[in-house]
Amino acid sequence: MGFQSSRFVHHLRRFSNGTGSHWYRSPLEVYKPGVRLTLALSAPKESLEIQIVKAFAPFTSSVVLLVKAEPTALQLPSPFILKVADRRLAPIWDFDREKDYQASLQSYVETFGTTVIPETDDELPLWIHMLKHWEFYESSHVKEREAYKWFTEAQKLELIPRFYGTAQLSMDESACHPSLTHIKCLLLEYIYGRTMGSFRPGIDLSAEEAEVMSQRVLQLGRDLRRYGVSHNDIHVDNIIIRSTDNRPVLIDWGNADSSLADLPLQQRWTHYSMWFNYHYRIRYMLRYGNDGDKIVSGGVWHRYRTPVSDIEQFRQVQEMGWKLINYKISQLSSEEKERFYDEDKSVDDKHGLRWKVKKGLRTRMVDDPVPIM
Ligand SMILES: Nc1ncnc2c1ncn2[C@@H]1O[C@H](COP(=O)(O)OP(=O)(O)OP(=O)(O)O)[C@@H](O)[C@H]1O
Ligand SMILES: [Mg+2]
């Protein structure tokens, strides 16, 4: 790497004095059941002693812990979830690179300050990539915190966990850069239950039970769509089925985008990303598991879609043309076609509706209408 060796040696000397030494432990070693940590709460500005009850390992995008606190005057329930934005989770992190990172960052900041950080490029030294990883963990933390801000009502309605605030784990207070001084955390309600991904619909859950749950998840999507915050990571491990009432709760807002949240309801509701997250993506997950792989969720949650009414299909024809409308129905499973549709073979599929909904069935519109608040 292209560092001036004298600088590097200088900084290695600093480390031998112990500066930044908190960082030289792997996350798997630090975050273990029984370990006690001290949190610096953001509001009120107080410290809180906690003990890890459970670590939701393997850690992927963040460290998620179930922790308990001594009963305090802070009115925090115990246990609660602590979501820690620890940059040591980065796949490129190790002890030697941490040493290099701290030394290089220090000398960089001394020369250029903390604000000018070069753009990512394959040619750049590894420490810059480590810095980019830190930025990624920080931005996930911020996205999640921002999302919860728009969801005060949704939290009361128990659609998502309650947000209790933010805190920091102090690391190296005297360091020159925020990636060295502390680690940011979110405090969240613990949803006692199982993730959808741990069920195998059709195997350890009957098809009927899976359908009941699917309807609840679809309703959760409709209920969340109105807030204008896109989730961007909807999958079966980010939905917890609460044990107390079997209601689904959507977690993990680390990829969320809140930029539409202050638009008027009509615009929020009809925006493509809201439709994509809470209408399309949820239905896709319920029918095909994650990424089209049924094995991931063990089977199909939601077997049949309520058919679109014929009148709605006639309305859609301007936009889509008959051919596409007929094609979409023809692609459904033969089981589903037989259940819901009559085929009129006399109709040319380019000029009319070849598949008509059987009489007396419940139908739906193409999209859910904007709710009345
Ligand atoms: N509020 C909560 N209540 C109960 N369990 C939770 C909660 N939040 C997270 N978990 C558990 O921790 C796991 C990881 O949490 P989360 O999805 O928020 O973290 P992540 O690191 O961003 O996830 P990913 O694995 O999607 O990258 C969840 O799948 C769930 O099992
Ligand atoms: Mg997740």
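Owing to the predicted nature of the structure, the values given are computational and were not obtained by experimental measurement. (Residues numbered from 1 in each chain as written. Chains lettered and ligands numbered in written order. Predicted model: local features only at pLDDT ≥ 70, side-chain atom pairs only at ≥ 80, totals over all residues. Heavy atoms only, no water.)

A. Focus on the coordination of the magnesium ion (ligand 2). Coordination of the magnesium ion (ligand 2) by the protein involves Asn-238 (OD1) and Asp-252 (OD), with metal-donor separations of 2.2 to 2.3 Å. Here the residue Asn-238 occupies a position in the loop between helix H7 (207–225) and strand E8 (239–242), and Asp-252 occupies one in the loop between strand E9 (248–250) and helix H8 (265–270), the gap between them amounting to 14 residues. Note on accessibility: Asn-238 and Asp-252 belong to one class, buried. (Donors = N, O, S within 2.8 Å, 3.2 Å for Na, K, Ca; no water. Helix = DSSP H or I, 4+ residues; strand = E, 2+ residues; numbered from the N terminus. Buried < 20%, exposed > 50% of the residue type's maximum accessible area, 1.4 Å probe, protein only.)

B. Just the sheet that holds E9, in detail. Pairing is antiparallel across the open sheet formed by 3 strands, whose spatial order is E7-E8-E9. Each edge of the sheet is formed by a strand with only one pairing partner; in this case those strands are strand E7 (193–195) and E9. Here the strands of the sheet are splayed against their neighbours by 30° on average, with no regard to which way each runs. Bridge analysis of E7 against E8 gives 3 bridges, and the strand direction is antiparallel. When the bridges of E8 are listed, Gly-193 appears paired with Arg-242. (Pairing = 2+ DSSP bridges. Axes fitted to C-alpha atoms, helices over the stretch in contact; angles between N-to-C directions.)

C. Region of interest: the packing of aromatic side chains. One pass over the structure, following the stated rule, counts 18 aromatic pairs. Consider the rings of Phe-136 and Tyr-137, whose centres lie 5.3 Å apart with planes at 75°: the pair is edge-to-face. An aromatic cluster of at least three residues, connected via ring pairs, comprises Tyr-272, Trp-275, Phe-276, Tyr-280, Tyr-284 and Tyr-288. (Phe/Tyr/Trp six-rings, centres within 6.5 Å; stacked < 30°, edge-to-face > 60°.)

D. Structural view of the nonpolar core. Residues Tyr-31, Leu-39, Ile-50, Leu-65, Phe-80, Leu-82 and Val-84 are the most contacted members of the largest nonpolar core, which totals 41 residues. Put simply, the parts of the chain that give this core at least two residues each are strand E1 (36–41), strand E2 (47–55), strand E3 (63–69), strand E4 (80–84), helix H3 (95–112), helix H4 (126–149), strand E5 (163–170) and strand E6 (182–188). With 6 residues, the single largest contributor to this core is H4. Setting aside its immediate chain neighbours within four residues, Leu-39 contacts Glu-46, Ser-47, Leu-48, Ile-50, Phe-80, Leu-82, Ala-167, Gln-168, Leu-169, Cys-185 and Leu-187. (Core = buried A, V, L, I, M, F, W, Y, C linked by side-chain atoms within 4.5 Å. Contact = heavy atoms within 4.5 Å.)

E. How the structure looks around the site of ligand 1. In the vicinity of ligand 1 lie 19 residues, with Thr-60, Ser-61, Lys-83, Glu-189 and Asp-252 positioned nearest. Separating an oxygen atom of ligand 1 from a side-chain N or O atom of Lys-83 is a distance of 2.8 Å. Within the contact set of ligand 1, a nitrogen atom lies 2.9 Å away from a backbone nitrogen or oxygen of Ile-191. The class makeup of the residues in the shell around ligand 1 is 8 nonpolar, 6 polar and 5 charged. When residues of the shell around ligand 1 are assigned to domains, at least three map to each of domain 1 (5–188) and domain 2 (193–297). (Near = heavy atom within 4 Å. Polar contact = N/O pair within 3.5 Å; in protein donor to acceptor, adjacent residues only side chain to side chain. Nonpolar A, V, L, I, M, F, W, Y, C, P; charged D, E, K, R; others polar. Domains from an automatic or database assignment.)

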